[in-house]
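Coordinates in review
Chain by chain, the residues run as shown.
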Amino acid sequence: MKHQLAVRVGPAKFRIGSAWRAPIAALSALYADYPPVTTVPDFTVRLEPTRPWRRWLRPAVAIGGDYRLPEAAPLPLAQGLLAAEMAMNLQMALGWRRHLLLHAGVVERDGRALVLTGASGSGKSTLAALLARQGWRFLGDEFALLDPATGTLAPFPRPVSLKNESIALFDGGHRWGPLLRGTPKGDIRHLVPDSEALAAMDQPATPALIVFPSFGFTEAVRAVPPSEAFVRLTQASTNYTALGEAGFAALTRLIGEVPAVAVDYPDTATALRLIDMLWSAQ
């Protein structure tokens, strides 16, 4: 690839190559404070035109790399940053084996981690970013990396992908990526984690509470029994089956040691209040 960038996020190292300069320039600005890659990358990402002539005429970015989904639709060049982020997620989801991956947001306080996991639209990314603004350490909003050997969570503090109305919840004092309009998920803007999160990206945390948030419902809190939590978390994992016995043991340990709670909420203020209440009760 003509234009390239290498970046490390937590334990994972990526090399991103592009046929165009613009996506790499946007990524370089977004990841300017992340540590450099000094060894062989774990994954390669490629942003390529769907046809040779589509590099110049109505440019369309195909998402590729070590792992790819043939059915993935290309994105316009104006959304090249989003294509790169999606491709990095894809490499982790299909290729990472050192940790059990859970689709979740994670924040930490006093060495103990809160895991927020749920379906798309549940608000986990927004809540993780808001909690980070309130003094929690941000470990990630895309993947929770559970170590099968220790039971701890490794940080993976990628820039937070905020969508639509969530963007307005954050003031201009933060570092932002460009506003991407009209994506398949609406308007998206990436929020760069604070310096504390990046400086501590090699420091794991011990899971202490699992919350399954659901946005758009009347306020409600209920304990989630281990059997239900186990099923929900297998559905939230991208590599549970691939890890085999190690994945089963890691998830069984997590469920056995960490309480799980379902939280329904109509707005973010309610969610933050309920999370504070639940955390104080631990």
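Residues numbered from 1 in each chain as written. Predicted model: local features only at pLDDT ≥ 70, side-chain atom pairs only at ≥ 80, totals over all residues. Heavy atoms only, no water.

**Remarks on the overall build of the chain**
- A tally of helices and strands in the chain yields 8 helices and 17 strands.
- Since a compact globule built from 282 residues should have a radius of gyration of about 19 Å, the 19 Å found for the chain is in line with a globular shape.
- Here the C-alpha coordinates of the chain stretch approximately 60 × 40 × 35 Å along the principal axes.
- The long-range fraction of contacts in the chain, counting pairs at least 24 apart against all pairs at least 6 apart in sequence, stands at 68%. (Helix = DSSP H or I, 4+ residues; strand = E, 2+ residues; numbered from the N terminus. Rg over C-alpha atoms; globule rule 2.2 N^0.38 Å. Contact = heavy atoms within 4.5 Å.)

**Remarks on the sheet that holds strand E2 (residues 12-18)**
- Across the sheet, 5 strands lie side by side as E1-E2-E3-E4-E5; this open sheet has mixed pairing. This sheet does not close on itself; its edge strands, each paired only once, are strand E1 (3-9) and strand E5 (75-76).
- Pairing geometry for strand E4 (residues 60-65) and E5, over 2 bridges, is antiparallel. Within E5, the position partnered with Ala-60 by the bridge is Pro-76.
- Most of the contacts of helix H1 (residues 21-30) go to E1, to which it runs at about 30°, and overall it touches E1, E2 and strand E3 (43-49).
- Sitting on the sheet, helix H2 (residues 80-95) touches E1, E2, E3, E4 and E5, and the angle it makes with E3 is about 140°. (Pairing = 2+ DSSP bridges. Axes fitted to C-alpha atoms, helices over the stretch in contact; angles between N-to-C directions.)

**So, unusual backbone geometry**
- For Arg-58, which is not glycine, the phi dihedral falls at a positive 45°.
- For Arg-58, the location among the structural elements is in the loop between E3 and E4.
- According to the relative accessible area criterion, Arg-58 is exposed, its value standing at 56%.
- For Asn-164, which is not glycine, the phi torsion reads 50° and is therefore positive. (Buried < 20%, exposed > 50% of the residue type's maximum accessible area, 1.4 Å probe, protein only.)

**Some thoughts on the sheet that holds strand E8 (residues 112-116)**
- Ordered by their spatial adjacency, 6 strands build an open sheet running E9-E7-E8-E15-E17-E16, and the pairing between neighbours is mixed. Every other strand in the sheet has two partners, leaving strand E9 (137-140) and strand E16 (220-223) as the edge strands with one partner each. Each adjacent strand pair in this sheet contributes to an overall mean axis angle of 25°, direction not counted.
- Strand direction decides the pairing type here: strand E7 (residues 105-109) and E9, joined by 3 bridges, are antiparallel. Following the sheet pairing, Val-106 is matched in E9 by Gly-140.

**Brief notes about the nonpolar core**
- Counting residues in each nonpolar core, the largest one holds 39 residues, and the members touching the most others are Phe-14, Ile-16, Leu-27, Tyr-31, Met-92, Leu-145 and Phe-156.
- When contributions to this core are tallied by element, the ones reaching two or more residues are E1, E2, H1, E3, E4, H2 and strand E10 (143-146).
- Those residues within four positions of Leu-27 in sequence are excluded, and the remaining contacts are Leu-5, Ile-16, Leu-81, Ala-84 and Glu-85.
- With 30 residues, the next largest nonpolar core counts Val-107, Ala-129, Leu-191 and Ile-275 among its residues. (Core = buried A, V, L, I, M, F, W, Y, C linked by side-chain atoms within 4.5 Å.)

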